[in-house]
Amino acid sequence: QVQLVESGGGLVQAGGSLRLSCAASGRTSSSLVMGWFRQAPGKEREFVATISRGGSTTYYADSVKDRFTISKDNAKNTVNLQMNSLKPEDTAVYYCAANAAVRLSTLSNDYDYWGQGTQVTVSS
């Protein structure tokens, strides 16, 4: 069983930055495709970013491309999400997710393991 624990959320002003981290246990992160999703109040959960097992391939939602960067530290079993130029519409609970498949996916149903989420609030 894989456990995922997110950290790093908080309150930031528009234009600011935050770095989210997700620590994996129960399985090495190098054997997992990992991703970040978010859910704003009253909205469905949406894909943010994903990264391959080895960390060499990434994919982003258009809404965050060029502002967010996903990265992996397989030595520490963590995946990070660096968020720059934050906007009020980025406000949401951010979830770390993982699956043991080979290919990347933007679909939440393809992910087997989920963290509890961390709140990110961007004030205008």
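The coordinates are above.
Quick summary incoming for the structure in this document. (Residues numbered from 1 in each chain as written. Predicted model: local features only at pLDDT ≥ 70, side-chain atom pairs only at ≥ 80, totals over all residues. Heavy atoms only, no water.)

## Focus: the overall build of the protein chain
When its secondary structure is counted, the protein chain shows zero helices and eleven strands. Sequence-ordered secondary structure for the protein chain, helices as α and strands as β, is β-β-β-β-β-β-β-β-β-β-β. Whereas a compact globule of 124 residues would reach a radius of gyration of roughly 14 Å, the protein chain reaches 13 Å, a difference of no more than 12%. Of the contacts made within the protein chain by residues no fewer than 6 positions apart, 59% connect residues no fewer than 24 positions apart. Within the structure as shown, the protein chain displays about 6200 Å² of accessible surface, and the carbon and sulfur contribution to it stands at 46%. One finds the centroid of the 12 positive side-chain charges in the protein chain at a distance of 5 Å from the centroid of its 10 negative side-chain charges. (Helix = DSSP H or I, 4+ residues; strand = E, 2+ residues; numbered from the N terminus. Rg over C-alpha atoms; globule rule 2.2 N^0.38 Å. Contact = heavy atoms within 4.5 Å. Areas by Shrake-Rupley, 256 points an atom, 1.4 Å probe, with all protein chains shown as cover. Lys, Arg positive; Asp, Glu negative; His and termini not counted. Charge placed at Lys NZ, Arg CZ, Asp CG, Glu CD.)

## What to know about the packing of aromatic side chains
Remark: the centre distance and the inter-plane angle together describe each pair of aromatic rings, the angle taken between the planes. Evaluation of the coordinates by the stated rule reveals six aromatic pairs. Between Phe-37 and Trp-114, the ring centres sit 5.1 Å apart and the planes meet at 55°, which makes this aromatic pair tilted. Taken as a pair, Phe-37 in strand S4 (residues 33-39) and Trp-114 in strand S10 (residues 113-114) lie far apart in primary sequence, 77 residues in all. Seen from their ring centres, Tyr-111 and Trp-114 are 6.3 Å apart, and the 65° between their planes marks the pair as edge-to-face. Of the residues examined, Trp-114 reaches a relative accessible area of 26% and is grouped as partly exposed. We note Arg-45 situated over the ring of Tyr-95; from NZ or CZ to the ring centre the distance is 3.9 Å. (Phe/Tyr/Trp six-rings, centres within 6.5 Å; stacked < 30°, edge-to-face > 60°. Buried < 20%, exposed > 50% of the residue type's maximum accessible area, 1.4 Å probe, protein only. Lys NZ or Arg CZ within 6 Å of the ring centre and 35° of its normal.)

## Some remarks on the pattern of salt bridges
Tallied over the entire structure, the rule returns four salt bridges. A salt bridge links Glu-46 to Arg-38; its shortest N-O distance comes to 2.6 Å. Between Arg-38 and Asp-90 there is a salt bridge, with the nearest N and O atoms lying 2.9 Å from each other. Separated by 52 residues along the polypeptide, Arg-38 in strand S4 and Asp-90 in the loop between strand S8 (78-83) and strand S9 (92-99) bring together distant segments of the chain. Looking at Arg-38, the relative accessible area reads 5%, which means it is buried. One salt-bridge network, held together by shared partners, links Arg-38, Glu-46, Arg-67 and Asp-90. (Salt bridge = Lys/Arg side-chain N within 4 Å of Asp/Glu carboxyl O.)

## Let's talk about the nonpolar core
Counting residues in hydrophobic clusters, the biggest one holds 35 residues, and the most contacted among them are Leu-4, Met-34, Trp-36, Leu-81, Met-83 and Tyr-94. Counting only elements with at least two residues in this core, the list comes to strand S3 (18-25), S4, strand S5 (46-51), strand S7 (68-73), S8, S9 and strand S11 (118-123). The element that contributes the greatest number of residues to this core is S9, accounting for five residues. (Core = buried A, V, L, I, M, F, W, Y, C linked by side-chain atoms within 4.5 Å.)

## Observations regarding the side chain of Asp-90
Its relative accessible area of 1% is what places Asp-90 among the buried residues. A polar side-chain atom of Asp-90 sits 2.8 Å from a polar atom in the side chain of Arg-67. A distance of 2.8 Å separates a polar side-chain atom of Asp-90 from the backbone nitrogen of Lys-87. For Asp-90, the residues in contact, after removing those within four places along its chain, are Arg-38, Arg-67, Phe-68, Ser-85, Val-120 and Val-122. (Polar contact = N/O pair within 3.5 Å; in protein donor to acceptor, adjacent residues only side chain to side chain.)

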